[in-house]
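Next come the chains, spelled out residue by residue.
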Amino acid sequence: MEKLTKRFIDALEVPKPSKVGVKVRESFAWDRELRGFGVQVMPSGLKSFVIQYRSPEGRPRRTVIGRYGLMTVEEARRIAHEKLVAVSKGLDPLDSPDSKVKGITVAEVCDWYLAEAEAGRILGRSRRPIKASTLAMDKSRIEVHIKPLLGRRLIATLKLGDIEGAQADIAAGKTSKPRAGSRGGATTGGEGVAARTMSTLHAIFEHAVRLGKIDANPARGVRRLAGKARERRLSRSEIARFGRAMRFAAEAGEHPTGLAAIRFLLLTGFRRMEGLGVKRLWLNTDEGSVRFPDTKSGAQTRVIGRAAMDLLLGQPNTASPYFFPADWGEGHFIGVVRVLDRLCASAKLDDVTPHTLRHTFASVAADLGFSELTIAALLGHAARGVTQRYIHIDEALRLAADRVADEIDSILDQPERAGRPSRSGHPAEPVGADRGS
């Protein structure tokens with residue numbers, strides 16, 4: 001490929017018929033600088049400027065924009081540039097003015113959604129403005145998956161097959177990217193990521209329809225991939241191995257804040273960002289609870305065991321409002337995943353994420369005989385029935401938090417120690433039925 005110039009085009013040879021009598025076809029030469037701009041040479045010697053592109057529906061298209069000799073190279077280059085820019089905006093130069101589909105692109109409606117949601121003008125399922133954390137995740141899915149695959153498409157031209165095709169591409173890892181630099185994470189694919197991205201796209205289109213931005217939701221009826229439920233949790237023997245790995249890591253100089261945060265997640269069952277973001281002002285030592293002004297399920301008061309509270313109170317008292325402060329800046333610690341990965345490599349544990357620690361907490365609570373209702377209250381699950389709304393911090397729930405945290409604490413620090421006294425000062429009761437639910 002070379003840059004198209006008058007001299008280069010004049011030197012192009014006319015296609016010659018083959019010796020076996022096969023009908024000769026036109027030949028093409030493409031410009032090195034403007035992708036999609038070229039010159040067509042016919043067997044008759046006629047030379048014409050052309051552009052080649054894909055329509056908004058993904059079909060390959062080619063059209064002549066002028067005859068060489070009647071149009072200079074620079075005139076053709078300017079026209080080609082204008083038409084190719086239009087293609088990048090989701091238009092098709094081959095469409096007649098009467099047949100052009102009017103509308104906006106997927107990228108434009110996604111940008112509209114983010115701007116409206118950030119301004120608080122779009123309400124989520126809770127009939128409240130969408131949370132900043134949810135918007136951050138939506139923006140990530142838009143920039144990483146939706147825009148690269150569908151961003152230039154006009155919404156009016158989208159079909160279910162296009163959207164399900166994008167879902168298949170995400171699941172296959174087409175939009176995956178390795179981690180760049182020393183900060184941030186890798187962009188992954190997979191069925192779960194694909195299904196959640198389609199849920200985000202469907203919701204964006206629904207908001208746009210409801211508020212009159214578009215006429216119909218092209219994602220309505222899309223079949224989302226069924227994600228595999230993560231059931232990984234640590235067994236008692238794995239918890240013990242994990243505890244030994246934590247002790248070895250501490251002696252080897254592993255990040256103390258990361259180790260403390262991981263232990264806290266395991267002792268409480270908190271979600272990763274809940275545990276890392278606990279502020280000192282939120283801890284109520286009298287009732288042994290953390291008062292979250294906002295969580296995935298709204299404002300909550302979450303009871304924690306004494307082992308977890310002692311861990312918090314044992315953290316260095318710094319100027320940071322967080323129990324687990326970042327190494328620099330005013331935020332909280334965020335490097336827990338890397339610390340966890342190193343611990344699991346040392347303990348030879350596979351497929352362990354921060355959410356695995358939450359599952360492990362629930363599993364230990366179930367082994368101790370506590371009911372699903374009590375475990376749901378300890379985990380901060382959203383209330384799904386009238387009965388669950390009556391759960392509050394009483395002595396029974398404190399006992400449950402104490403026993404679960406103490407059990408995990410003792411397994412982590414094997415050999416087993418004597419039971420930690422409960423808040424009443426008496427030894428913890430042996431494993432048995434849940435009498436407080």
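Remember, it's a predicted structure, so these values are computed and weren't measured experimentally.

A. Highlighting the overall build of the protein chain. For the protein chain, the count of helices and strands is 14 helices and 7 strands. Burial statistics for the protein chain: of 437 residues in total, 42% are counted as buried. Considering only residue pairs separated by 6 or more positions, the protein chain has 62% of its internal contacts joining residues 24 or more positions apart.

B. Fine view of the sheet that holds strand 5 (residues 283-284). As summarised here, the arrangement of the 3 strands in space is 5-6-7, forming an open sheet in which the pairing is antiparallel. At either end of the open sheet lies a strand with only one pairing partner, and these are strand 5 and strand 7 (300-303). With 4 bridges connecting them, strand 6 (residues 289-292) and strand 7 associate as antiparallel partners. Counted as the bridge partner of Ser289 is Val303 from strand 7.

C. Inspection of the sheet that holds strand 1 (residues 27-30) at higher detail. Taken in spatial order, the 4 strands make up an open sheet running 1-2-3-4, and their pairing is antiparallel. Strand pairing shows two members of the sheet lacking a second neighbour, strand 1 and strand 4 (60-67), which therefore form its edges. Sheet twist, expressed as the average angle between the axes of neighbouring strands with direction ignored, equals 35°. Summarising the sheet, strand 2 (residues 37-41) and strand 3 (residues 47-54) pair through 5 bridges and their orientation is antiparallel. Counterpart to Gln40 in the pairing with strand 3 is Ser48. Helix-sheet contacts for helix 2 (residues 73-88) involve strand 2, strand 3 and strand 4, and the interaxial angle to strand 3 is about 15°.

D. Molecular detail of helix 8 (residues 256-268). Here helix 8 is 13 residues long and its end C-alpha atoms lie 18 Å apart, about the 18 Å a rise of 1.5 Å per residue gives. For helix 8, a buried count of 12 out of 13 residues is recorded, marking the element as mostly surrounded by other parts of the structure. Buried within helix 8 we find Thr257, Gly258, Leu259, Ala260, Ala261, Ile262, Arg263, Phe264, Leu265, Leu266, Leu267 and Thr268. Gly269 lies just past helix 8 and shows a positive phi near 75°.

E. Molecular detail of the environment of Glu143. As for its position among the elements, Glu143 is in helix 4 (residues 132-150). Spatially, the C-alpha atom of Glu143 lies 9.1 Å from that of Ala107, the residues being 36 residues apart in sequence. Of note is the side chain of Glu143, whose polar atom sits 3.2 Å from the side chain of Lys147.

F. Representation of the nonpolar core in the model. Among the nonpolar cores identified, the biggest contains 58 residues, and Phe242 and Phe324 are the most heavily contacted of them. Breaking this core down by element, the ones donating at least two residues are helix 7 (236-251), helix 8, strand 6, helix 10 (306-313), helix 11 (336-347), helix 12 (354-367), helix 13 (372-379) and helix 14 (395-412). Residues in contact with Phe324, not counting those within four places in the same chain, are Thr257, Ala260, Ala261, Phe264, Gly275, Leu276, Leu311, Leu312, Gln315, His332 and Phe333. In this structure, Cys110, Ile142, Ile155 and Phe205 belong to the second largest nonpolar core, which totals 28 residues.

G. Layout of the confidence of the model for the protein chain. Within the protein chain, residue pLDDT values average 85, and 84% of them lie at 70 or more. At the level of individual helices and strands, the protein chain shows its lowest average pLDDT in strand 7, which scores 89, and its highest in helix 8, which scores 96. Counted against residues more than four places away or in other chains, residues 384-391, with its pLDDT under 50, gives 10 contacts. Across residues 416-437 the pLDDT falls below 50, and counting only partners more than four positions away or on other chains, this stretch makes 39 contacts in the model.

H. Structural context of the packing of helix 8 against helix 10. It is at 9 Å that the axes of helix 8 and helix 10 come closest, and there the two elements cross at 160°. The angle between helix 8 and helix 10 places the two elements in the roughly antiparallel class. Seen along the crossing, helix 8 lies across helix 10 with a hand that is left-handed. Counted together, Ala260, Arg263, Phe264, Leu267 and Thr268 of helix 8 and Ala307, Ala308, Leu311 and Leu312 of helix 10 form the full contact between these two elements.

I. Spotlight on helix 13. Of all 8 residues in helix 13, 6 are buried, a share of seventy percent or more. If you check which residues of helix 13 are buried, you get Thr374, Ile375, Ala376, Ala377, Leu378 and Leu379. Here the buried face of helix 13 lies against helix 8, strand 7, helix 12 and helix 14. Just beyond helix 13, the residue with positive phi is Gly380, at close to 80°.

J. Structural context of the environment of Arg236. Looking at where Arg236 falls in the secondary structure, it is placed in helix 7. Between the C-alpha atoms of Arg236 and Glu407, which are 171 residues apart in sequence, the distance is 10.0 Å. Once residues lying within four places of it in the same chain are set aside, the contact partners of Arg236 are Glu407 and Ile411.

K. Summary view of the packing of aromatic side chains. All told, the structure shown has 7 aromatic pairs when counted by the stated rule. Arranged with centres 5.6 Å apart and planes meeting at 50°, the rings of Phe264 and Phe324 form a pair that is tilted. Of the two residues, Phe264 is situated in helix 8 and Phe324 in the loop between helix 10 and helix 11; the sequence distance between them amounts to 60 residues. Taken as a pair, Phe264 and Phe324 share a single burial class, namely buried. Of note, Arg302 hangs over the ring of Phe270, and the distance from its end group to the ring centre comes to 5.0 Å.

L. Spatial organisation of the pairing of strand 2. For strand 2, the buried fraction is high: 5 of the 5 residues fall into the buried class. Going residue by residue along strand 2, you find Phe37, Val39 and Val41 tucked away on one face and Gly38 and Gln40 tucked away on the opposite face as well. As defined by bridge partners, strand 1 adjoins strand 2 across 4 bridges and the pair is classed as antiparallel. Its bridge partner being in strand 2, Trp30 is matched across the sheet by Gly38. The loop that links strand 1 with its antiparallel partner strand 2 comprises 6 residues; one of these, Gly36, has a positive phi angle of about 100°. From the end of strand 2 to the start of strand 3, which pair antiparallel, there are 5 residues, and Gly45 there has a positive phi angle of about 100°.

Conventions used here
Residues numbered from 1 in each chain as written. Predicted model: local features only at pLDDT ≥ 70, side-chain atom pairs only at ≥ 80, totals over all residues. Heavy atoms only, no water. Helix = DSSP H or I, 4+ residues; strand = E, 2+ residues; numbered from the N terminus. Buried < 20%, exposed > 50% of the residue type's maximum accessible area, 1.4 Å probe, protein only. Contact = heavy atoms within 4.5 Å. Pairing = 2+ DSSP bridges. Axes fitted to C-alpha atoms, helices over the stretch in contact; angles between N-to-C directions. Expected span 1.5 Å × (residues − 1). Polar contact = N/O pair within 3.5 Å; in protein donor to acceptor, adjacent residues only side chain to side chain. Core = buried A, V, L, I, M, F, W, Y, C linked by side-chain atoms within 4.5 Å. pLDDT = per-residue confidence, 0-100. Parallel < 35°, antiparallel > 145°, perpendicular 65-115°, else oblique. Left-handed = near helix turned anticlockwise from the far one by under 90°. Phe/Tyr/Trp six-rings, centres within 6.5 Å; stacked < 30°, edge-to-face > 60°. Lys NZ or Arg CZ within 6 Å of the ring centre and 35° of its normal.

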